[in-house]
Amino acid sequence: MTRPTADLGTDLAGVTLPSPVLTAAGCGGTGRELEPYLDLSRLGAFTTRTLTLDRRPGAPTPRLVATPGGVLSDTGGQNPGIQGFLAAELPWLAQQGVRTIVSLAGLTLAEWAELARHAGAAPGVTAVEVELSGRYAGGPSLDLEPFGAAKAVHVVRREVPRGVPVLAKLTPGSQLVDVARAVVKEGADGLVVGHGVPALAFDPVTLTPLLGGGSPSLSGPAVLPVAVRAVAEVHAALPGVPVVGAGGVRTGADALQLLLAGAAAVAVGTALLADPGAPDRIADELAGLLAEHDLTRPADAVGLGHTVLEGEHA
Ligand SMILES: Cc1cc2nc3c(=O)[nH]c(=O)nc-3n(C[C@H](O)[C@H](O)[C@H](O)COP(=O)(O)O)c2cc1C
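Quantities reported herein were computed from a predicted structural model and do not represent experimental measurements. (Residues numbered from 1 in each chain as written. Predicted model: local features only at pLDDT ≥ 70, side-chain atom pairs only at ≥ 80, totals over all residues.)

**Some words on the sheet that holds strand β6 (residues 70-73)**
And then number 1: Overall, antiparallel pairing links the 4 strands, which are arranged β5-β6-β12-β11 in an open sheet. The sheet is open, and its two borders are formed by β5 (64-67) and β11 (197-198), each paired with just one other strand.
And then number 2: Sheet topology note: the β6/strand β12 (residues 217-219) ladder contains 3 bridges and is antiparallel. Counted as the bridge partner of L72 is L218 from β12. (Pairing = 2+ DSSP bridges. Helix = DSSP H or I, 4+ residues; strand = E, 2+ residues; numbered from the N terminus.)

Here it is in structure tokens:
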């Protein structure tokens, strides 16, 4: 007997996706690397690595190291630059029918505007992600204070055509909800909530940092509860705003947790490094779990955990 499964069709800020399982920025290479392992047309969407105006060579190697709770990484923002991406990578993604979210990071408002003009004018862009942590462009952490984040989002929203949603990516932190409110006020159509957590590790033999770059992040299983909490806080404050939950998703049960917290979709990052086919498996597991709970589609689970929380506090 086949087990019942739910239909995974998902609306994200007005765009219809076949699945709520996306790839997270920077973890799926150019997309070509995933193709042998993954049916890219089944992906909710593929997110590019963060693109800057100029191409970046990235941090010295090693850029990745395993830790007990996940992966410590520092890519130094390696990317081919927006023009290089548009010329050499986007056409292939569009040809495969991949829904592509283009992640951008500028250093100045003029740069944000130029990046957004290029991405917004390109055919085959499903959404634009505004990467506010500054880690990939080597700029200030705009997601730590509402004013800077709001200005960047305002400029990007102005340059990107209306039909292309602008998603602001936010790092969990004490200002998270204030920053979320500020970027939504300035036109963000949705939020990506969750990110790698700034982290560091030393080599006890050489007594030097384990990674050569200056700004490593911890991602993977250790950050899932951080992401669930962050999504829950944002959803409670802004229940109508679509959220993509990002952090530590490896299984359908992990994805379901983020939906219960209020995410409409989830992004899978570190799990791709060990298992590039993970999004297909996670989607199948999620469909099965939703059906087990008599939920007919992902939207039925979005924010459902809050009713339980509210019940407990009643
Ligand atoms: C190797 C690697 C590269 C990443 N590159 C980017 C990037 O270019 N832009 C970005 O916004 N996030 C980047 N991230 C962060 C992920 O998109 C994601 O937010 C974070 O890793 C948490 O999700 P995860 O635990 O599923 O990996 C990167 C993460 C890793 C591990």
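**Focus: the site of the ligand**
And then number 1: Looking at the ligand, there are 28 residues lining it, with A24, G26, S219, G269 and T270 nearest.
And then number 2: Of the residues assigned to the shell around the ligand, the class counts are 11 nonpolar, 14 polar and 3 charged. (Near = placed C-beta within 6 Å. Nonpolar A, V, L, I, M, F, W, Y, C, P; charged D, E, K, R; others polar.)

**With respect to the packing of helix α6 (residues 224-237) against helix α7 (residues 252-261)**
And then number 1: It is at 8 Å that the axes of α6 and α7 come closest, and there the two elements cross at 20°. One finds that α6 runs roughly parallel with respect to α7. In the packing of α6 onto α7, the handedness of the crossing is right-handed. Residues L224, A227, V228, V231, A232 and H235 of α6 form the contact with α7, whose participating residues are D254, Q257, L258 and A261.
And then number 2: Considering only residue class, the contact of α6 with α7 consists of 7 nonpolar, 2 polar and 1 charged. (Axes fitted to C-alpha atoms, helices over the stretch in contact; angles between N-to-C directions. Parallel < 35°, antiparallel > 145°, perpendicular 65-115°, else oblique. Left-handed = near helix turned anticlockwise from the far one by under 90°. Contact = placed C-beta atoms within 7 Å.)

**A short note on the nonpolar core**
And then number 1: In this structure, V128, L191, V231, A263 and V266 are the most contacted members of the largest nonpolar core, which totals 100 residues.
And then number 2: It is α6 that provides the largest number of residues to this core, a total of 7 residues.
And then number 3: Apart from residues no more than four positions distant in its own chain, A263 is found in contact with V231, V243, V244, G245, L258 and V302. (Core = buried A, V, L, I, M, F, W, Y, C linked by C-beta atoms within 7 Å. Buried ≥ 20, exposed ≤ 12 C-beta atoms within 10 Å, placed from the backbone.)

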